[in-house]
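Secondary and tertiary structure notes
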Amino acid sequence: MESKSLEYINKEKEVVSPNYTPIPAVLSKGEGIYVWDVDGKKYIDCLSAYSAVNQGHGHPTIKEAAINQINTLTLTSRAFFNDQLGSFIERLCEYTGMEMACPMNTGAEAVETGIKVARKWGYEQKKVEVNKAEIIVCHDNFHGRTTTIVGFSSDPDTYSNFGPYPAGFVQIPYGDLEALKNAITPNTVGFLIELVQGEAGVIVPPEGFIEAAYKECKENNVLFIADEVQTGFARTGRDFCYQHFDIKPDLLLVGKALGGGIMPISATLGSKEIMSVLTSGTHGSTFGGNPLACAIGKAAIDVLVNEGLANKSNELGKYFKEKLMTLPQEIIKEVRGIGLLLAIEFNEKGGLAKKYVMAMKEKGLLAKQTHDTTIRFAPPLVITKEQIDESFIIIQSAVEEVMKTL
Ligand SMILES: *Cc1c(COP(=O)(O)O)cnc(C)c1O
């Protein structure tokens, strides 16, 4: 490795808590689908900051909106009104198909807000006995890192030694309709689900499950809560992943790409009736709904719509997936995904994903393994067909190189 990169890596290791194991690329510049490291090496970004950079690095429209707003007004708190929030949420509601939203910052906060809304709705509207509300979640879920959220994770790395864990969450296997039916009680207020499980390794639900689960929720007066923090904003080939199915979530949780790759912006959305349980003083955020975030959020949505990125993600996703399917069968267990949220899982012969990730890095493409044997490919949606070809050539040659060592 070049000496400049090593210096930065050593500095981070000295002073930054070791809760990540980054791929050793020290990035200092980005544009579109490309990023550059401090030694000037150029990479294709195939992670997009876990789908927070769907519009590409430094998108000129979003950058301009941000700079204009920085020059005008950035933070007011919600002790006052501001001239950006109403039009931002109106735009977000129109784009998501929802009626009302609570603006927050990170994805985890959108999830926490969803949990609070579901519980409060349960006590006040569904008339569940106080402190008895239950929310059903799925095995291998990823909804963020707060103590409440990690308390209902099934991954020991995620939850161990962060207890005691809050009560009121029930886990079922992902995609298991019978388990969902059995888990619903009169105290169930919500079913919280990722429509495609991102961090679990791009797990697509079994055919028909989402629609059936939705129907089950409707029949039992249970809120269907879709965590689209990762699958939203055109990532899966629709504006929102829920649009692949014949459903409309009661609560929609969004984040990541809403921030246009610039800052954390999230929201919890739903009907007026449900969102109105958040009465004055019952919830809040100092930074949530700040004018800078609102201006950026509006521009982030505009770019997705004006550049037709959902259709692009749909078409190029199919193209990219077909290419990935041509990788040597003998080392691959499965190629899966939807839109430009794709993954390859290696089989026993293929072994650990990390070595492929490192070979791709050397050849100029950044991706990250999720769990031990899966690599996710989720480039910025502004990628072109030619750039997918360019990416695939790197992926293919990295795979071939590693295969020689197996
Ligand atoms: C990333 C993610 C979150 C958490 O978002 P943060 O901004 O990291 O708090 C929640 N849910 C899903 C599905 C995610 O992918």
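Residues numbered from 1 in each chain as written. Predicted model: local features only at pLDDT ≥ 70, side-chain atom pairs only at ≥ 80, totals over all residues. Heavy atoms only, no water.

Once that is clear, we can look at the packing of aromatic side chains. Under the counting rule described, the total for this entry stands at eleven aromatic pairs. Aromatic pair Tyr95 and Phe240: ring centres 5.4 Å apart, planes at 70°, arrangement edge-to-face. Of this pair, Tyr95 sits in helix H4 (residues 85-96) while Phe240 sits in the loop between strand E8 (223-227) and strand E9 (251-254), and the two are 145 residues apart along the sequence. In this structure, Tyr95 and Phe240 share a single accessibility class: buried. Following the ring pairs from residue to residue traces out a cluster consisting of Tyr95, Phe233 and Phe240. If you follow Lys29 out to its NZ or CZ, it ends over the ring of Trp36, 4.4 Å from the centre. Over the face of the ring belonging to Tyr34 we find Lys42, whose NZ or CZ atom lies 4.1 Å from the ring centre. (Phe/Tyr/Trp six-rings, centres within 6.5 Å; stacked < 30°, edge-to-face > 60°. Helix = DSSP H or I, 4+ residues; strand = E, 2+ residues; numbered from the N terminus. Buried < 20%, exposed > 50% of the residue type's maximum accessible area, 1.4 Å probe, protein only. Lys NZ or Arg CZ within 6 Å of the ring centre and 35° of its normal.)

Further remarks concern the site of the ligand. Taken together, Thr106, Gly107, Ala108, Phe142, His143, Gly144, Glu194, Asp227, Val229, Gln230 and Lys256 make up the full set of residues adjacent to the ligand. Take Asp227: an N or O atom from its side chain is 2.7 Å from a nitrogen atom of the ligand. Measuring from an oxygen atom of the ligand, one finds a side-chain N or O atom of Lys256 at 2.7 Å. Coverage of the ligand by the protein amounts to 81% of the 380 Å² it exposes when considered alone. Residues of the shell around the ligand, tallied by class, amount to three nonpolar, five polar and three charged. (Near = heavy atom within 4 Å. Polar contact = N/O pair within 3.5 Å; in protein donor to acceptor, adjacent residues only side chain to side chain. Areas by Shrake-Rupley, 256 points an atom, 1.4 Å probe, with all protein chains shown as cover. Nonpolar A, V, L, I, M, F, W, Y, C, P; charged D, E, K, R; others polar.)

Attention shifts here to the sheet that holds E8. Pairing is mixed in the open sheet, where seven strands are placed in the order E4-E10-E9-E8-E7-E5-E6. Of all strands in the sheet, those bounded by a partner on one side alone are strand E4 (100-104) and strand E6 (169-172). Sheet twist, expressed as the mean angle between neighbouring strand axes with direction ignored, is 20°. Note that strand E7 (residues 188-193) and E8 share four bridges and pair parallel. Note on E8: the bridge partner recorded for Ile193 is Ala226. (Pairing = 2+ DSSP bridges. Axes fitted to C-alpha atoms, helices over the stretch in contact; angles between N-to-C directions.)

A word on the domain arrangement of the chain. Examined at the domain level, the chain breaks down into domain 1 (3-55 + 310-403) and domain 2 (60-306). Put simply, the middle of domain 1 and the middle of domain 2, counted by C-alpha atoms, are 27 Å apart. In this complex, domain 1 contributes 26 residues to the contact, which on the side of domain 2 involves 27 residues. Looking only at domain 1, the three residues that lose the most surface to domain 2 are Gln55, Ile338 and Leu341, adding up to 31% of its buried area. (Domains from an automatic or database assignment. Contact = heavy atoms within 4.5 Å. Buried area = accessible area lost by both parts, 1.4 Å probe.)

Here H4 contains twelve residues, and its C-alpha end-to-end distance of 16 Å stays within 8% of the 16 Å for a straight helix at 1.5 Å per residue. Those residues of H4 lying buried are Leu85, Phe88, Ile89, Arg91, Leu92, Cys93, Tyr95 and Thr96. If you follow the buried residues of H4, they end up packed against E4, E9, strand E10 (266-270) and helix H11 (291-306). Looking one or two places after H4, you find Gly97, whose phi comes out positive at around 80°. (Expected span 1.5 Å × (residues − 1).)

Right, let's get into the packing of helix H3 (residues 60-70) against H11. One way to put it is that H3 packs onto H11 with a least axis distance of 8 Å and a crossing angle of 160°. What the angle tells us is that H3 and H11 run roughly antiparallel. In the packing of H3 onto H11, the handedness of the crossing is right-handed. Contact residues: Thr61, Ile62, Ala65, Ala66, Gln69 and Ile70 in H3; Pro291, Leu292, Ala295, Ile296, Ala299, Ala300 and Val303 in H11. Among the residues forming the contact of H3 with H11, the class breakdown is eleven nonpolar, two polar and no charged. (Parallel < 35°, antiparallel > 145°, perpendicular 65-115°, else oblique. Left-handed = near helix turned anticlockwise from the far one by under 90°.)

A sheet is described by the order of its strands in space; here four strands give the open sequence E1-E2-E3-E13, paired in mixed fashion. At either margin of the open sheet sits one strand with a lone partner, and together these are strand E1 (27-31) and strand E13 (365-366). Bridge count between E1 and strand E2 (residues 34-37): four bridges; the pairing is antiparallel. By the bridge assignment, Glu31 is partnered in E2 with Tyr34.

With respect to the helices, strands and loops of the structure, Leu180 is situated in helix H8 (residues 177-183). Taking the C-alpha atoms as reference points, Leu180 and His139, separated by 41 residues in sequence, lie 12 Å from one another. The residues contacting Leu180, other than those within four sequence positions of it, are Ile136, Ile172, Phe191, Ala213 and Glu216.

Let's shift gears to helix H14 (residues 385-403). Helix length check: H14 (19 residues) gives 27 Å between terminal C-alpha atoms against 27 Å at 1.5 Å per residue, within 8%. Taken together, the buried positions of H14 are occupied by Gln387, Ile388, Ser391, Phe392, Ile394, Ile395, Ala398, Val399, Val402 and Met403. Projected down its long axis, H14 carries its buried residues within an arc of 165°, all on one side. H14 presents Glu386 and Ile393 as exposed residues on the side facing more than 90 degrees away from its buried surface. Contact partners of the buried residues in H14: E2, strand E3 (42-45), helix H12 (309-324), helix H13 (354-363), E13 and strand E15 (374-377). (Arc of directions from axis to C-beta.)

The subject of this paragraph is the side chain of Thr236. With respect to the element layout, Thr236 can be found in the loop between E8 and E9. What makes Thr236 buried here is its relative accessible area of 0%. The contacts of Thr236, once residues within four sequence positions are left out, are Thr231, Cys241, His244, Ser313, Ile338, Gly339 and Leu341.

Successive residues of a regular strand alternate their side chains across the two faces of the sheet. Within strand E11 (residues 332-338), five of the seven residues are buried, leaving the element largely enclosed by the surrounding structure. In sequence, E11 turns back onto strand E12 (residues 341-346) through a hairpin of two residues, with Gly339 there showing a positive phi of about 60°.

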